[in-house]
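# Reading the structure
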Amino acid sequence: MVRRLIWVRHGPTHQKTFTGWRDVPADLSDTAAIARLSDWLPQDAPIISSDLKRAVATADAIAGGRRRLPHNPDLREFDFGTWDGLHFSKVAEEHPELSRAFWEDPGDVAPPQGESWNAVTSRVNRAVDQLLHQHDGDLVLVAHFGVVLCHMASSTGMTPYDALGHQIDPLSATVLEQSNAGWRAAQINHAP
């Protein structure tokens, strides 16, 4: 039997800066895209989201008749610490070596007062393991760019650096399938 985790990235925020735990809203005005995504998702799969309002609102918009599970703070985006709200070029200018290492050698490198790739992977995996233990069948998880990449990499054996090379657009779905052979990425950045 194949089991699927369908990761959905929240709707667009139009932020041009690091956006982690800052609680900014999603633009859910593209009702046609939301309807297509909702129709494409399995109807019997429960839906859960991060507790940040951009993920909560997106999950509510695509839920349809699906059972909503309580929001989970362990599905939050990276905590970018002092970088949150800063433009990427400003971070690169103020912290050139740290910024470069954060993107080129993801692992234990973290922004000041923020989280590393490994820390995010650990908390996301903990949440997913608990959800898989509590629920049979497919699950729809509405979360964030970094969360999707961290879980995709750790479950499929992809390196963090290679995972960062993938595009994960707002309102896209990334499907991870589990079989006797383990996990595989069946679809990445799918836009129904």
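As shown above, the structure is provided for reference.
Attention in this report is confined to the structure presented alongside it. Given the structure is predicted, the values throughout are model-derived calculations rather than measurements. (Residues numbered from 1 in each chain as written. Predicted model: local features only at pLDDT ≥ 70, side-chain atom pairs only at ≥ 80, totals over all residues. Heavy atoms only, no water.)

All right, on to the packing of aromatic side chains then. Tallied over the full model, the rule gives ten aromatic pairs. Ring centres of Phe18 and Phe80 lie 4.9 Å apart, and the angle between their planes is 65 degrees; on these two criteria the pair is classed as edge-to-face. Separated by 62 residues along the polypeptide, Phe18 in the loop between β1 (3-9) and α1 (31-40) and Phe80 in the loop between α2 (53-62) and α3 (88-94) bring together distant segments of the chain. The burial state of Phe18 is the same as that of Phe80; both residues are buried. (Phe/Tyr/Trp six-rings, centres within 6.5 Å; stacked < 30°, edge-to-face > 60°. Helix = DSSP H or I, 4+ residues; strand = E, 2+ residues; numbered from the N terminus. Buried < 20%, exposed > 50% of the residue type's maximum accessible area, 1.4 Å probe, protein only.)

Here the structure, examined in full by the defined rule, presents eight salt bridges. Across the pair Arg22 and Asp84 runs a salt bridge whose closest N-O atoms are separated by 2.9 Å. On the criterion of sequence distance, the pair formed by Arg22 in the loop between β1 and α1 and Asp84 in the loop between α2 and α3 is long-range, its members being 62 residues apart. A residue is classified by how much of its surface remains accessible, and Asp84, at 19% relative accessible area, is buried. Across the pair Arg76 and Asp51 runs a salt bridge, and its minimum N-O distance is 2.7 Å. Of this pair, Arg76 sits in the loop between α2 and α3 while Asp51 sits in the loop between β2 (47-49) and α2, placing them 25 residues apart in sequence. For Arg76, a relative accessible area of 18% corresponds to the buried category. Taking relative accessible area as the criterion, Asp51 reaches 27% and is therefore assigned partly exposed. (Salt bridge = Lys/Arg side-chain N within 4 Å of Asp/Glu carboxyl O.)

The next subject is the side chain of Ser38. Within the element layout of this structure, Ser38 appears in helix α1. Of the polar contacts made by the side chain of Ser38, one reaches the backbone oxygen of Ile62; its length is 2.9 Å. Setting aside residues up to four positions removed in sequence, Ser38 forms contacts with Gln43, Ile62, Gly64 and Arg66. (Polar contact = N/O pair within 3.5 Å; in protein donor to acceptor, adjacent residues only side chain to side chain. Contact = heavy atoms within 4.5 Å.)

Take His10: it is sitting in the loop between β1 and α1. Since its relative accessible area comes to 4%, His10 is described here as buried. Among the polar contacts listed, one links the side chain of His10 to the side chain of Arg54, at a separation of 3.4 Å. Apart from residues no more than four positions distant in its own chain, His10 is found in contact with Arg54, Ala55, Thr58, Val142, Ala143, His144, Pro170 and Leu171.

The subject of this paragraph is the environment of Gly64. Mapped onto the fold, Gly64 is located in the loop between α2 and α3. C-alpha of Gly64 to C-alpha of Ala35: the two residues are 29 residues apart in sequence and 9.2 Å apart in space.

This part is about the sheet that holds strand β3 (residues 139-143). Judged by pairing direction, the sheet is mixed, and its five strands sit side by side in the order β2-β3-β1-β4-β5 without closing on themselves. Of all strands in the sheet, those bounded by a partner on one side alone are β2 and β5 (182-190). The average undirected angle you get between the axes of adjacent strands in this sheet is 20 degrees. Along the sheet face, α1 touches β1, β4 (173-179) and β5 and points at about 10 degrees away from the line of β4. Helix α5 (residues 117-134) contacts β1, β2, β3 and β5 of the sheet and is inclined by roughly 135 degrees relative to β1. (Pairing = 2+ DSSP bridges. Axes fitted to C-alpha atoms, helices over the stretch in contact; angles between N-to-C directions.)

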